[in-house]
Amino acid sequence: MFIFWYLYFSLIGLAFFYKSPVYVAFLILAGIAIIIIGKILKEQKINELRLYVQLLKQKKTKKQDIEVNVNKTDWEYIKELPGFDRVKAKKVVWIRRKLGKYTSLDDFFTKNHVDDEYKKILKQLVVIK
């Protein structure tokens, strides 16, 4: 993602260098559109996860393609998991960065002090890759 923004701002710099206000305006509008679309897609994915967690809690669904890879995902997705709030989700990411990636579900449960009541649902959602 960082390389995308590097290229984006390089193009804006080139547009300023060649004094092309139309190109600068186009790039700025394109950047705003990309940010808005990205936020909409992220929110849609979070809502989908939220709905799936509710169905799992009510035992009204079977395993689907929805997975949360705790070694790669943002805290915003982790906070939607049962037993996690914003602070605990940020702690998951902090532990991952400071102590290294999680090696197994048991490692994830141990390092984050997950209650036994949530482990059954989390085993259906969380993957370690």
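Right above here is the structure, for reference.
1. As for the packing of aromatic side chains
- Applying the stated criterion across every chain, the model contains 9 aromatic pairs.
- Aromatic pair F4 and Y8: ring centres 6.4 Å apart, planes at 15 degrees, arrangement stacked. Here the residue F4 and the residue Y8 both occupy positions in helix α1 (residues 2-17), the gap between them amounting to 4 residues, near one helical turn.
- F4 sits in the partly exposed class, given a relative accessible area of 32%.
- The buried category is assigned to Y8, whose relative accessible area is 10%.
- Consider the rings of Y8 and F9, whose centres lie 5.1 Å apart with planes at 70 degrees: the pair is edge-to-face.
- An aromatic cluster is built from F4, W5, Y8 and F9, whose rings are joined through pairwise contacts.
- If you follow K45 out to its NZ or CZ, it ends over the ring of Y77, 5.2 Å from the centre.

2. Remarks on the environment of R96
- Checked against the element boundaries, R96 lands in helix α4 (residues 86-99).
- R96 sits in the buried class, given a relative accessible area of 12%.
- C-alpha of R96 to C-alpha of N71: the two residues are 25 residues apart in sequence and 6.8 Å apart in space.
- Aside from chain neighbours lying at most four places away, what touches R96 is V70, N71, K72, T73, K101 and Y102.

3. Looking at the side chain of D107
- Note on placement: D107 falls in helix α5 (residues 105-111).
- The class for D107 is buried, based on a relative accessible area of 16%.
- For D107, the contacting residues outside a window of four places in its chain are K101 and Y102.

4. Topic: the pattern of salt bridges
- Applying the stated criterion across every chain, the model contains 7 salt bridges.
- E76 is the salt-bridge partner of K42, the closest N and O atoms lying 2.4 Å from each other. In this pair, K42 sits in helix α2 (residues 21-57) while E76 sits in helix α3 (residues 75-78), placing the two residues 34 residues apart along the sequence.
- Residue K42 is classed as partly exposed on the basis of its relative accessible area of 25%.
- For R50, the salt bridge is made with E80, and the minimal N-O distance between the two is 2.8 Å. Placement of the pair is R50 in helix α2 and E80 in the loop between α3 and α4, with a sequence separation of 30 residues.

5. Brief notes about the environment of K59
- Its place among the elements puts K59 in the loop between α2 and β1 (68-69).
- Counting along the chain gives 43 residues from K59 to Y102, while the straight-line C-alpha distance between them is 28 Å.

6. Some details on α4
- For α4, spanning 14 residues, the distance from its first C-alpha to its last is 20 Å, which sits close to the expected 20 Å at 1.5 Å a residue.
- For α4, the complete set of buried residues consists of A89, V92, V93, I95 and R96. Projected onto a plane normal to the axis of α4, the buried residues spread over an arc of 155 degrees and lie on a single side. Turned more than 90 degrees away from the buried face of α4 sit R86, V87, W94, R97, K98 and L99, all of them exposed.
- For α4, the secondary structure elements touched by its buried residues are α3 and α5.

What counts as what
Residues numbered from 1 in each chain as written. Predicted model: local features only at pLDDT ≥ 70, side-chain atom pairs only at ≥ 80, totals over all residues. Heavy atoms only, no water. Phe/Tyr/Trp six-rings, centres within 6.5 Å; stacked < 30°, edge-to-face > 60°. Helix = DSSP H or I, 4+ residues; strand = E, 2+ residues; numbered from the N terminus. Buried < 20%, exposed > 50% of the residue type's maximum accessible area, 1.4 Å probe, protein only. Lys NZ or Arg CZ within 6 Å of the ring centre and 35° of its normal. Contact = heavy atoms within 4.5 Å. Salt bridge = Lys/Arg side-chain N within 4 Å of Asp/Glu carboxyl O. Expected span 1.5 Å × (residues − 1). Arc of directions from axis to C-beta.

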